[in-house]
Structure formats: structure tokens, C-alpha cells
Amino acid sequence: MLTNKIKALISLLDDSDEIVYGAVRAALLREGDVVIPILRETASNSSSELKRVRAKDLLRVAGLKSVKSALLDWIEDGAEDLLYGAYIVARYMYPNLEFVTVNDAINKMWRMLRRDVKSEQKPLDRVRVVNRFVFEELGFSKNELYPSSPENNFINEVLTKSIGNHVTLSIIYSELCLRIGLPVRCVSLPKILILCYMNDTVMDEDYRLRVEDVMFYINPANKGTIVGREDIKTFLNMHNMELHDNYYLPCDNIEVVRRLLINLHYSYGANKEINSAMDIKSLISIIDEYKDKVKIV
């Protein structure tokens, strides 16, 4: 019955009366995610150009609404799974994407790597094994040819093509380390996301981390180059940034996803995809509003 109702509304999408179209548009969006498959079919196969155009626009709006809801749920549930946060962002472009597809890709990498890493005892040696596997055997790298491509920000695309940006590469690297059991976390620096390798005795949630608890840093955007505290200091000085401890310590998963969205917003802007840039800005606002609310509380 619901499908028949949606199909009846779809049949009116090319009505020349803007008032009728406005009412149809509002009614379709009220139906939620169930309209997406039928809209997608209409956008691909309708003989009416106007209907195809309007269906594509509705697909974008309906997809954004779904992503907003998922992002807010993820935040309010504690944002514990970083990979899931990245998956939610990818759903903006790939609404049919299933989390199991992304999760299985990481698990496949983990199964290939875990024995080699565990055979090493020293943290630096373990990271070198991860670097060799990720950047040499699998060929992951930063997209130098098309740095502004939106695809660099979609975790499924990066896992498939082995090319991304500093945020997606850091997410994949840190998620792989998490499953292996290495105390590697993301660090939010100006203009770049990197990783830190923590002293594994201080990863308890109740422990208040100090800068001294970081053993070294890793830059996945530069094939896992090992970076020291002085290198971070030099980088911050170059950009005239104050030397806050936050730049040396792990950030939370919400901040990582925020950085991912900021990069995606920039990519759409650079490619003059204005509507998409505005959509992503609205997702960033959800995170910013949440952070402001937490500060007030």
C-alpha cells in the first residue's frame, strides 16, 4: 500500500504547477528512507527529463536527511566506532552502502597482517611491519594527482582504490592497529590528521593522558613516516600556532569525523558542487552544535 502511495506521488513529479510539485516533494520527503529506491529508479529510467531532475534532487535531500539522523545517533551513542562514523559520511554519496562491506575490508587486512605484527616486540618494529603492509604491499597512498577529489573522503572508495587523503588514510591505519591491539590513536593538527603511538599502559579510559605518554607519531599521508615531538613543535611554529597540549594528544572520534567532513566540504567547494558543499556544511553544524552543547553542560 505504501509503495502504491509513493508511486502515485512520483507520477506527479513532473507536474508543471510549482504548487503541486511543492506538495508532492514535501509528501515524499515525509516518507523517509523508503522513497529512496523508487526515486533512484525514477532518476535513472524515467522518460521525463523534468521528473529525472527532480527525482535526483529529492534523492540528495532524502539521503542527507538519513545521514543527518545516523550521524546524530552515532554521536549521542558515544561515537565509539570511528569506522562507523566514516561509513556514515560515505553514505551521503553511497546511500546503499552497507557497513559490513567496509568492516569486512578492514577485517581482511587485519587477518593478513596480525601474525607479522605480533611476531615483533618493539613498538617501532611493529609500526614498520604495518607500514610495509599498508603502503608497500597494498599500495595505499595519498592522492597527489587529484587531491581535491571528493572520493578521497569516502572510506569505501579509499579501501577499494587504495588512494585517499590524510584523514581517510589515518582512519584506516588506526582502525587496523586497533584490531591488532596496538595503542594507536588519531591526533588533530592544523591542516593534517596524523597518529600517535601511546604507551600501552596508559590507555585506560579513566587515565588522564599527558604529552609524555605518547611514544612517537606516525604520518600515514607520508607512507607512515615516524615523527617526533620536536617535529610537531617545528610544524606548529611554521604555522604560527600556539603549542597547546591538544596538538600532541589523541583527539576523540567526533573530531576525526569532523575533520573528514571539513575536507569533503572543501572538495565539493573546489569542484563547484555548491549544493553538496552546503549539505556537508549542515553535517558539520550538527557536530559543532553538539560540541557547543557539551561545553555549556
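Located above this text is the structure these notes cover.
Residues numbered from 1 in each chain as written. Predicted model: local features only at pLDDT ≥ 70, side-chain atom pairs only at ≥ 80, totals over all residues. Heavy atoms only, no water.

A. Just helix α2 (residues 18-30), in detail. In a regular helix each residue adds 1.5 Å, so 13 residues correspond to 18 Å; α2 covers 18 Å between its end C-alpha atoms and thus fits that length. When α2 is considered as a whole, its buried residues turn out to be Y21, V24, A27, L28 and L29. The backbone nitrogen of I19 lies 2.8 Å from a side-chain oxygen of the residue at the head of α2, namely D17. Trailing α2 by a residue or two, G32 shows a phi angle of about 80°, which is positive. (Helix = DSSP H or I, 4+ residues; strand = E, 2+ residues; numbered from the N terminus. Expected span 1.5 Å × (residues − 1). Buried < 20%, exposed > 50% of the residue type's maximum accessible area, 1.4 Å probe, protein only. Polar contact = N/O pair within 3.5 Å; in protein donor to acceptor, adjacent residues only side chain to side chain.)

B. Quick look at the pattern of salt bridges. Taken as a whole and assessed by the stated rule, the structure comprises 13 salt bridges. A salt bridge links D279 to R60; its shortest N-O distance comes to 2.7 Å. Here D279 is found in helix α12 (residues 274-296), whereas its partner R60 is found in helix α4 (residues 49-76), with 219 residues between them in sequence. Accessibility expressed as a relative area gives 6% for D279, which makes it buried. Note that E151 and K161 form a salt bridge whose closest N and O atoms lie 2.9 Å from each other. Of this pair, E151 sits in the loop between β1 (141-142) and α8 (155-161) while K161 sits in helix α8, and the two are 10 residues apart along the sequence. Here E151 falls in the partly exposed class, since its relative accessible area comes to 33%. One salt-bridge network, in which partners are shared between bridges, spans R25, D57, R60 and D279. (Salt bridge = Lys/Arg side-chain N within 4 Å of Asp/Glu carboxyl O.)

C. Main features of the packing of helix α5 (residues 82-90) against helix α11 (residues 253-270). Orientation of α5 relative to α11, taken along the N-to-C sense of each, is 25°, at an axis distance of 9 Å. The orientation of α5 relative to α11 falls into the category roughly parallel. As α5 packs across α11, the resulting crossing turns out to be right-handed. Contacts from L82, G85, A86 and V89 in α5 reach N253, V256, V257, L260, L261 and L264 in α11. (Axes fitted to C-alpha atoms, helices over the stretch in contact; angles between N-to-C directions. Parallel < 35°, antiparallel > 145°, perpendicular 65-115°, else oblique. Left-handed = near helix turned anticlockwise from the far one by under 90°. Contact = heavy atoms within 4.5 Å.)

D. Structural detail: unusual backbone geometry. Located in the positive-phi region is A79, a residue other than glycine, with phi close to 50°. The topology assignment puts A79 in the loop between α4 and α5. Phi is positive for K272, close to 60°, though the residue is something other than glycine. With respect to the helices and strands, the residue K272 is situated in the loop between α11 and α12.

E. Spotlight on the side chain of T168. In this fold, T168 is placed in helix α9 (residues 166-180). Exposure remark for T168: the relative accessible area of 1% places this residue in the buried category. Residues contacting T168, with those up to four places away along its chain left out, are N152, N153, F154, I155, V158 and L260.

F. Representation of the sheet that holds strand β6 (residues 225-227) within the structure. Here we have 4 strands laid out as an open sheet, ordered β3-β4-β5-β6, and antiparallel in their pairing. Looking at which strands have only one partner, the edges of the open sheet turn out to be β3 (184-189) and β6. Neighbour-to-neighbour, the strand axes of the sheet open up by a mean angle of 35°, direction not taken into account. For strand β5 (residues 214-219) and β6, the ladder comprises 3 bridges, and the chain directions are antiparallel. Among the inter-strand pairings, Y217 is bridged to a residue of β6, identified as V227. α9 rests against β3, β4 (192-198) and β5 of the sheet, and its axis sits at about 20° to β4. (Pairing = 2+ DSSP bridges.)

This is a description of form; function is not addressed.
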